[in-house]
Amino acid sequence: MEIRISKTTQPKVKPPEAELGFGKYFTDHLFACDYVEGRGWGDARIEPYAPMQLDPAAGVLHYGQAMFEGSKAFRGVDGRVRLFRPEAHARRMIAGAPRLCMPTPPEALMVEAVRALVKVELDWVPRSEGTSLYLRPTLVATEGFLGVRPSREYRYFVIASPAGNYFGGKGLKSVRIWVETQDVRAPRGGLGSTKAGANYAASLKSAQDAKKRGFDQVLWLDGKDHEYVEEVGTMNVCFLLGSTLVTPPLSDSILAGVTRDSVLTLARDQGLTVEERPISLKELRGAQQSGELKEIFGTGTAAVISPVGELAFAGESLVINGGKPGPVAEQLYTAVCDIQRGLKPDPYGWMQLVD
Ligand SMILES: *Cc1c(COP(=O)(O)O)cnc(C)c1O
């Protein structure tokens, strides 16, 4: 499908790279295409970034048929711009959409959409270490109809936002985590393995309560026994027990992170033993007491690796590695970032040149 490009006549002033933060600024253009049942996907276009018109009865506004993705483009040390694993992100949306009865554009169009948008916005890809252009593909139901059934019309669009260095450029920083023992992010049989906006709606209150208690994020437990670890904040979670990296197995309540897969691949290739298996709070407490629990960290596109320095429960707190980022977290973080910045060879074919 051909992508029609109409460029803005009023480009924005770009913010200084030191002030980028996350999700505050948006580039000059967006990609969009529309789906109508019976006709399929069409009208692929890159157009000036602007508010969009939506029927007030659109399905996304009432019944929450909405999904998104999050990936990044990086400017390498050679000045060239590369996407990190764009097909993996497209495939994840394609895999998740049927659970919400949503159609997606074909993988090739999704990847081309991201690549074409980044190509138009090359000047928006920041240059300093640790920065990137964050890409947010989004799929929403657009048909104006209040009956409860899957929408017959959808829009897929991609917006882009320059992102600053997650850790402020001073190496990794540990977070303090509150263990959520009441509320659940995603039950078994629910939407947890899809990047549905609804999962985020379900998670906001716990995160807000944790912040009120002075913590950065929550550790999510399984929805049945409230005992097995699932994710940390909006990241997958890994535990270093002795010299074994343990992470919960993928299920329908855990999001299959592209970073999780990348980090596990690198860990295995660096000689670490990796176990994907259920891990309980009981096991974690025991491992902490015996000294086996060396490190905890989250994995996700935004931070790559986010070390956990403390796990707190009501009346109890486990301090991990003295509250500091551990050597395995540091080593895996560097390994991923070096590939993303084109500093080291890319034996897995993760990077895709844009320009
Ligand atoms: C997006 C997301 C992740 C991380 O996925 P990446 O592909 O690594 O960015 C993990 N958990 C949840 C709940 C997410 O929404």
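Residues numbered from 1 in each chain as written. Predicted model: local features only at pLDDT ≥ 70, side-chain atom pairs only at ≥ 80, totals over all residues. Heavy atoms only, no water.

Describing the domain arrangement of the protein
- Examined at the domain level, the protein breaks down into domain 1 (4–169) and domain 2 (175–340).
- In this structure, domain 1 and domain 2 have C-alpha centres spaced 27 Å apart.
- Each partner contributes residues to the interface: domain 1 has 19 residues there, and domain 2 has 22 residues.
- Roughly 1,900 Å² of surface becomes buried between domain 1 and domain 2 when both sides are summed, with 63% attributable to carbon and sulfur atoms.
- Summed over the shared surface of domain 1 and domain 2, the result is one salt bridge.
- With its nearest N and O atoms 2.8 Å apart, the salt bridge here joins Asp-261 to Arg-85.
- In this assembly, domain 1 and domain 2 are joined by ten residue pairs in polar contact (both at pLDDT 80 or more). (Domains from an automatic or database assignment. Contact = heavy atoms within 4.5 Å. Buried area = accessible area lost by both parts, 1.4 Å probe. Salt bridge = Lys/Arg side-chain N within 4 Å of Asp/Glu carboxyl O. Polar contact = N/O pair within 3.5 Å; in protein donor to acceptor, adjacent residues only side chain to side chain.)

As for the site of the ligand
- Taken together, 15 residues are adjacent to the ligand, and Lys-195, Tyr-200, Glu-231, Thr-259 and Thr-301 come closest.
- In the environment of the ligand, an oxygen atom lies 2.6 Å from a nitrogen or oxygen atom belonging to the side chain of Tyr-200.
- Starting from 380 Å² of accessible surface for the ligand in isolation, the protein chains cover 96%.
- Classifying every residue of the shell around the ligand gives four nonpolar, seven polar and four charged. (Near = heavy atom within 4 Å. Areas by Shrake-Rupley, 256 points an atom, 1.4 Å probe, with all protein chains shown as cover. Nonpolar A, V, L, I, M, F, W, Y, C, P; charged D, E, K, R; others polar.)

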